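Overview (structure and organization)
If you want the building blocks of each chain, they are given just below.
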Amino acid sequence: MSLRAMIASAVSSAIVATGDIAEAITYTSKSPSVYIPSTGQVTANPDVNYSLRAIVAPFGAASLMDGTEIKPEHTGALSVLFASADLAATPDSSDTITRGGKVYKVTQVVFDPAGATYRLIVDIL
């Protein structure tokens, strides 16, 4: 097993081991429409939903040792971290995340060097 595969496996196990820290989300991969030149028609491809577990936190939020909270710039922005092995698609900024009935648009995708995790910055639609 390669080092990359071992890291990916460890990350998947770590997300499961976080128990109730990780939460269920739905990742929706938005498939682009396709233009068919011979017919002049645009065919819309269906969206694909993936259910997975992720660690979600307010993006930009932090707290100081004295308990003072530093508020994020955008109140709806979140950081969503999950194992890349849990998603069969490559994340894109046209995709969305659904969490607790609210839909968030992916604004940034961060890949780790080993390709084991995706960290998405999302903002409420």
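Residues numbered from 1 in each chain as written. Predicted model: local features only at pLDDT ≥ 70, side-chain atom pairs only at ≥ 80, totals over all residues. Heavy atoms only, no water.

Counting its secondary structure elements, the chain contains 1 helix and 10 strands. Counting all 125 residues of the chain, 28% fall into the buried class. Excluding contacts between residues fewer than 6 apart, the proportion of contacts in the chain whose partners are at least 24 apart in sequence is 55%. For the chain, the exposed surface amounts to about 7700 Å²; the carbon and sulfur share of it is 58%. (Helix = DSSP H or I, 4+ residues; strand = E, 2+ residues; numbered from the N terminus. Buried < 20%, exposed > 50% of the residue type's maximum accessible area, 1.4 Å probe, protein only. Contact = heavy atoms within 4.5 Å. Areas by Shrake-Rupley, 256 points an atom, 1.4 Å probe, with all protein chains shown as cover.)

This paragraph deals with the pairing of strand S4 (residues 48-58). As paired strands, strand S1 (residues 23-29) and S4 are joined by 7 bridges and run antiparallel to one another. Across the sheet, Ala24 pairs through a bridge with Arg53, a residue of S4. Note: S4 against strand S7 (residues 78-83), 4 bridges, orientation antiparallel. Counterpart to Ala57 in the pairing with S7 is Ser79. (Pairing = 2+ DSSP bridges.)

It is worth spelling out the nonpolar core at this point. Residues Tyr27, Leu52, Val80, Phe82, Ile97, Leu120 and Val122 are the most contacted members of the largest nonpolar core, which totals 17 residues. Elements that contribute at least two residues to this core include exactly S1, S4, S7, strand S9 (102-111) and strand S10 (117-124). Per element, the largest residue contribution to this core is 4 residues, and it comes from S4. One finds Val11, Ile15, Ala22 and Ala83 within the second-largest nonpolar core, a separate group that totals 5 residues. (Core = buried A, V, L, I, M, F, W, Y, C linked by side-chain atoms within 4.5 Å.)

With that settled, the discussion passes to the sheet that holds S7. Ordered by their spatial adjacency, 6 strands build a closed barrel running S1-S4-S7-S10-S9-S8, and the pairing between neighbours is antiparallel. Averaged over all adjacent pairs, the angle separating strand axes in this sheet is 45 degrees, with direction ignored. Each of S4, S7 and S10 is contacted by helix H1 (residues 3-17), which is oriented at about 120 degrees to S7, the strand it contacts most. (Axes fitted to C-alpha atoms, helices over the stretch in contact; angles between N-to-C directions.)

Looking at chain direction, S1 and strand S8 (residues 96-99) are connected through 3 bridges and run antiparallel. Across the sheet, the residue bridging to Thr26 is Thr98, located in S8.

What follows concerns the confidence of the model for the chain. When the pLDDT values of the chain are averaged, the result is 84; 86% of them are 70 or greater. For the chain, the element scoring lowest by mean pLDDT is strand S5 (residues 62-63), at 52; S8 scores highest, at 96. (pLDDT = per-residue confidence, 0-100.)

All chains considered together, the criterion is met by 2 salt bridges. A salt bridge links Arg99 to Glu23, with the shortest nitrogen-to-oxygen separation between them at 2.6 Å. Of this pair, Arg99 sits in strand S8 while Glu23 sits in strand S1, placing them 76 residues apart in sequence. Given the relative accessible area of 26%, Arg99 is considered partly exposed. In this structure, Asp47 and Lys30 form a salt bridge, with 3.2 Å as the shortest nitrogen-oxygen distance. In this pair, Asp47 is assigned in the loop between strand S3 (41-43) and S4 and Lys30 in the loop between S1 and strand S2 (34-36), connecting sequence segments 17 residues apart. (Salt bridge = Lys/Arg side-chain N within 4 Å of Asp/Glu carboxyl O.)

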